[in-house]
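Here's the letter readout for the chains.
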Amino acid sequence: MTPTTAQAVAHDLKAGRFPVVSDWLLAKGAQLIVDEIQQGAVALGVQQARNAAARLNDNCYFELTRAIAKAWYGRKGFDPVLQKRRVQALINTTLLDEAQSMATEAIAVCEKHPGDIVYRRELLEFRGLLGRIAKQRYVNNTDDLDSLVDATNRYLAQYLSAPESYWHGINALACLNLELHQSGGIPRPALPDFNDLARKILETVVESCRSKPDPWAYATASEACLALGRCDDAELWLYRMLSSKDTTRFQLDSYSRQLREIWRGDPTSPVVCAGRLLSIIANFCAQRQARITLVPSQVPAIQAALANDERGLEKNFLGESSFSVDSIRSLLSAFRSVGCVMNDIGERLGTGFLLSGAWLKPVYGAGPVFLTNAHVISDTVTNAIPTGKARVTFELDTPVAGNLTRYAVSEVLFTSEPGPVGARNDELKMLDCTIVRLRDLPGDAPVLQATRDLPLLGPKARAFVAGHPRGAGLQIALHDSLLLDIDDQERLVHYRTPTDPGSSGSPVFNADWEVMALHHAGLAEAPRLNGEGTYEANEGVSMSAIRRRLRS
Amino acid sequence: MPKRRSAVVFVHGLAKKPPPDKLLELWLMGISRDNPRPDVFAPPNKGINLYTKGVPHELNYYADVFYADDYETDFSSYFEAEGRGADAEILADKLDEPAPVAPIPVTPEEQAFLARFEAELSSQLITEPPVAPGINPAALAGAEIAGLLPAAWREAIIKKAAMEAYYFLFDKEYTRKDGVNFQVRSELRRRLVDKLKAAAEKGEKLVVVSHSMGTMVAYDVLRNCADCPKVETLITLGSPLGIKEVQVELRAPGLQKNDFPAATTSRWINIYDPLDPICGADPKFANDFEPVDGKSVEDIKESNWSKWRHTITHYFAGLQFRAKLTEALDL
């Protein structure tokens, strides 16, 4: 039974279950846990808070994890597990300085409790996280070789002190590979032999898989084989990971990111092993999860492939999925107009997009305006980013000194609060929409084309949702889904798409790549728009309804 | 479902057709293809997908009145005839098959109609000359001279068009080979009016897209049927409405000249290829149909290419047709 109240959501989270509910209901549930902690509720045990933080991190709701862990720390003091979740969440929202300072402090605390098994276990984790922070610093700035060496040393130290922790070992190996690449193949003195290290990690992880099959272990085995140049074996382990029912999207994205960022793989040129593995993952995501994901660094290669080798691109990147080369073209085009919405400290909390102001309402003028959900940017909706703290980035903007421009809001043109999923009304209310102008955004910034006509329902009717998944990697993902229903007022659109967290405020496209709706929520048991009962559905608010409301 | 801004009613043309669902699918495919013939129409030439654009549509089907369930089964004429001669399109359309029933004119007026109608089409269809010894037939095939057909095909096309026109225009009783009788004009009128009413339930503005003999049915209903719903735009493609003998039979009682169906219709766009033999010698209508209330026919010339310049999917590929349909649907 899907919870419908914040209390029920909080209950599920505390029990270690992740409820599939709308973002804002989830946020309300997490807020209740925060309130319980702050009020010192006796009934709330640390295990419940740990459960909630773990589930929220697993599903990429990092800001909610942080809120719970921060509240615990403020009210009840240091807990090594909650603090670990908080550091993980900070790394995933690219707040590396804060993550490093917190992990360093945590290590000092853990070292004071050598007799406590939990502190001892988490001490290893915190040290590994310092390695991960260093690795991420290098990924963000590939000139920063000191961070790369730091990452290698930290991962290696953890692995050598506890060889069963192959997670540290495989990261040490990946960093070593990068170091060798940077030094022209000459290893640093006193480091273990690269191939020996790879073989040992592979032995450990294969042994571990025999007793306890695990998606992380499959990914590690695949990566170790990649390091050893045994690409067929790397592929075999990857297929084991892909076929495991326990593999989460987060795990798949993590391995994909590792192949891309650390092993320099390119799915459009599968001649190199890391590229081959990435093209298999890209095919899998396109076919099984009906999504394609691009990161800015892939854009030039994909543009070149579109110009020179469309069929190769189709084969390597899309497989037998329903996506076409046109989908890729449209995603590349949308990349310029789809923005990532974050708060003033850089947490990526939603998506939005640019449209012509005049299309919505003549008085807005021809320049671009930015649309997102009211539960993403609003001064009145609970847990939304207040207008003054909202920032928007566009991933293909030219970086200035390594950073993308963060556009602040200069003016709120319109806002309409969110309503429950499937709630029908005749008055064009509860559109979950905020329309703003962005300060200093060029007047000729590219806008998406919108339509006021919704497709006819039928077995071939599709909806495509493009949004920014949460997490450290800058990316945009396109989901392909079936259009399920439209309400009688043509206000709400239902479609079945496995959207990621962070999709709130995404444009929903028709098959001609015109924006037909603003994505707002999804539910496992959404009330049907026509007739009784529920079904699994995502919901968008039609552009037609927003336009009619603005012009009424 | 909520009512949409527009709805389309299609009216098909001459000869036997695929089953209704298949024919509709083929017509929608023809309209929705992107850049279907880049050598004829320079890209970008984006198709119009009526499902994606949210435009409800109805197909007014009447081929069964003449041909029952003897459906066309070779659909290749609807697809791009890359590397195929126009002959293949005619064969696939079964235009080379003889008409199922030869009209038997009763009155001198009917007799005169048939003679003149056939003469009009004959003047547009030229019999292919026998290939002289020593000339490579393949060299002639590339010439793509419109209307240049083998004598037997030419005869079959003329007779079939004449038969359909005759039974419709004179509202003759037609007995199908399975024994079912139709009063043809009454039946075809009723079917189209029903489809227009059904479409009016789904869309605020109606657009009629008609082809070939179907344009006669469309004009007749819009001009002469009192219960016809209002239509925003009538589009006629490859229409024989320029033929004088046809005009006479469709003229409203008491009028000396045919006129614009202004009581029901706001706009009439006629798209023709001057070499389309079914259009006869006069493919333009602005001078044939008297303007009413300032409304007159907009004639637009567009290439149907190839030898058989009457193919519906070729008209659907046209840049001007697509622009006008987009305009009519306010997309």
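Below, the structure is looked at part by part. Only a predicted model underlies this, so the values are computations on that prediction, with no experimental measurement involved. (Residues numbered from 1 in each chain as written. Chains lettered and ligands numbered in written order. Predicted model: local features only at pLDDT ≥ 70, side-chain atom pairs only at ≥ 80, totals over all residues. Heavy atoms only, no water.)

1. Brief notes about the environment of A:Val421
All names here are of chain A. Following the sequence through the fold, Val421 ends up in the loop between β6 (407–416) and β7 (433–438). Placed 102 residues apart in sequence, Val421 and Leu523 show a C-alpha to C-alpha distance of 7.5 Å. Filtering out sequence-adjacent residues up to four positions away, Val421 remains in contact with His494, His520, Ala521, Leu523, Ala526, Pro527 and Glu539. (Helix = DSSP H or I, 4+ residues; strand = E, 2+ residues; numbered from the N terminus. Contact = heavy atoms within 4.5 Å.)

2. Examining the interface of chain A and chain B
Contacts between chain A and chain B engage 14 residues on the former and 15 residues on the latter. Overall, the association of chain A and chain B removes approximately 1300 Å² of surface from exposure, summing both partners, and the carbon and sulfur fraction of that is 46%. Connecting chain A to chain B are six salt bridges. Of the charged contacts, one joins A:Glu514 and B:Lys53 as a salt bridge, the two residues approaching to 2.8 Å between their closest N and O atoms. Along the contact surface separating chain A from chain B lie nine residue pairs in polar contact (both at pLDDT 80 or more). (Buried area = accessible area lost by both parts, 1.4 Å probe. Salt bridge = Lys/Arg side-chain N within 4 Å of Asp/Glu carboxyl O. Polar contact = N/O pair within 3.5 Å; in protein donor to acceptor, adjacent residues only side chain to side chain.)

3. Some remarks on the pattern of salt bridges
By the definition in use, this model includes 57 salt bridges over all chains. Between A:Arg188 and A:Glu179 there is a salt bridge, with the nearest N and O atoms lying 2.7 Å from each other. Taking relative accessible area as the criterion, A:Arg188 reaches 26% and is therefore assigned partly exposed. Take A:Glu179: its relative accessible area is 9%, and that puts it in the buried class. The shortest N-O distance in the salt bridge between B:Lys257 and B:Glu290 comes to 3.5 Å. Taken together, the residues B:Lys257 in the loop between α9 (244–250) and β9 (265–272) and B:Glu290 in the loop between β9 and β10 (298–301) connect sequence positions 33 residues apart. Residues joined by salt bridges that share partners form a network here, namely B:Asp64, B:Arg176, B:Asp178, B:Glu187, B:Arg190, B:Arg191 and B:Asp194. (Buried < 20%, exposed > 50% of the residue type's maximum accessible area, 1.4 Å probe, protein only.)

4. Description of the state of the cysteines
Working definition: the covalent bond between the sulfur atoms of two cysteines is a disulfide. All names here are of chain B. The full count for this structure, using the stated rule, is one disulfide over all chains. Distance from the sulfur of Cys225, which forms no disulfide, to the nearest cysteine sulfur (Cys228) is 6.8 Å. On the basis of relative accessible area, Cys225 is assigned to the buried category, the value being 11%. (Disulfide = S-S within 2.5 Å.)

5. Remarks on the side chain of B:His310
Residues and elements named next belong to chain B. Note on placement: His310 falls in the loop between β10 and α10 (312–317). Looking at His310, the relative accessible area reads 4%, which means it is buried. Of the polar contacts made by the side chain of His310, one reaches the side chain of Ser212; its length is 2.8 Å.

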